[in-house]
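What follows is the residue order along each chain.
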Amino acid sequence: MNETVEVMDVVAIFYPKYKDRPQIAKVVQKTRHGYSIHWMTGSYSGAWTVAKKRDGRKKVPWVDNIKESDIIYKKISLTSGQKLTNKVVQTLRALYAAKEGDES
């Protein structure tokens, strides 16, 4: 798990607040304190797209900054249909379950 994160990589992030679904984002920039990301929206079985939020009348990508320590899985590859592979789904479920155990 200690490979480096590159711009445009898709990563999984752990936020206890949203533990009911995977938190996946695309890295857009490396910053001094971590990474700038575009959040993605989707589910374990559905397709993933860049999450948008309103900026006045426009919809813009939902950008956030995260620390390296927030990332629990790096280098996620999506299928041609923008879905997670079965192997990634199983790995993420296991990682999130382990993290939940750590939190309580």
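Scroll up to find the structure this text is about.
Residues numbered from 1 in each chain as written. Predicted model: local features only at pLDDT ≥ 70, side-chain atom pairs only at ≥ 80, totals over all residues. Heavy atoms only, no water.

*Asks:* Could you give an account of the overall build of the chain, naming the residues involved and the relevant values?
*Replies:* Secondary structure summary: the chain contains one helix and eight strands in total. Order of helices (α) and strands (β) in the chain, N terminus to C terminus: β-β-β-β-β-β-β-β-α. Along the first, second and third principal axes, the C-alpha atoms of the chain reach 40 × 35 × 25 Å. Taking all 104 residues of the chain together, 35% fall into the buried category. Within the chain, counting contacts between residues at least 6 apart in sequence, those at least 24 apart form 53% of the total. (Helix = DSSP H or I, 4+ residues; strand = E, 2+ residues; numbered from the N terminus. Buried < 20%, exposed > 50% of the residue type's maximum accessible area, 1.4 Å probe, protein only. Contact = heavy atoms within 4.5 Å.)

*Asks:* So, the side chain of D9: which residues are in play, and what are the values?
*Replies:* As for its placement among the helices and strands, D9 is situated in the segment before β1 (10–13). Taking the relative accessible area as the measure of exposure, D9 reaches 14% and is therefore buried. Apart from the residues lying within four places of it in its own chain, the contact partners of D9 are T4, A25, K26, V27 and K75.

*Asks:* Any details on the pairing of strand β2 (residues 23–31)? Residues and values, ideally.
*Replies:* Where β1 lies against β2, four bridges are found, and the strand directions are antiparallel. Counted as the bridge partner of V10 is K26 from β2. Direction of pairing for β2 relative to strand β3 (residues 34–41): antiparallel, over a ladder of seven bridges. Its bridge partner lying in β3, V27 is registered against I37. (Pairing = 2+ DSSP bridges.)

*Asks:* Residues and numbers for the packing of aromatic side chains, please.
*Replies:* One pair of aromatic rings is described through two measures. These are the centre distance and the angle between the planes. According to the stated counting rule, one finds two aromatic pairs in the structure shown. Measuring from ring centre to ring centre gives 6.1 Å for F14 and Y96, while their planes differ by 35°; the resulting arrangement is tilted. Taken together, the residues span a long stretch of sequence, with F14 in the loop between β1 and β2 and Y96 in helix α1 (residues 86–103) at a distance of 82 residues. Relative to W39, the ring of Y15 lies with its centre 5.8 Å away and its plane at 45°, an arrangement referred to as tilted. Of the two residues, Y15 sits in the loop between β1 and β2 while W39 sits in strand β3, which places them 24 residues apart along the sequence. (Phe/Tyr/Trp six-rings, centres within 6.5 Å; stacked < 30°, edge-to-face > 60°.)

*Asks:* Could you give an account of the nonpolar core, naming the residues involved and the relevant values?
*Replies:* Ranked by internal contacts, the top residues of the largest apolar core, which has 15 residues, are A12, I24, Y73, I76, L84, L92 and Y96. Breaking this core down by element, the ones donating at least two residues are β1, β8 (71–76) and α1. Top element by residues in this core is α1. It accounts for four residues. If near-sequence neighbours (up to four positions away) are discounted, A12 is found in contact with Q23, I24, D70, I71, I72, Y73, I76, L92 and Y96. Counting residues in hydrophobic clusters, the runner-up holds 11 residues, among them V27, I37, A51 and I71. (Core = buried A, V, L, I, M, F, W, Y, C linked by side-chain atoms within 4.5 Å.)

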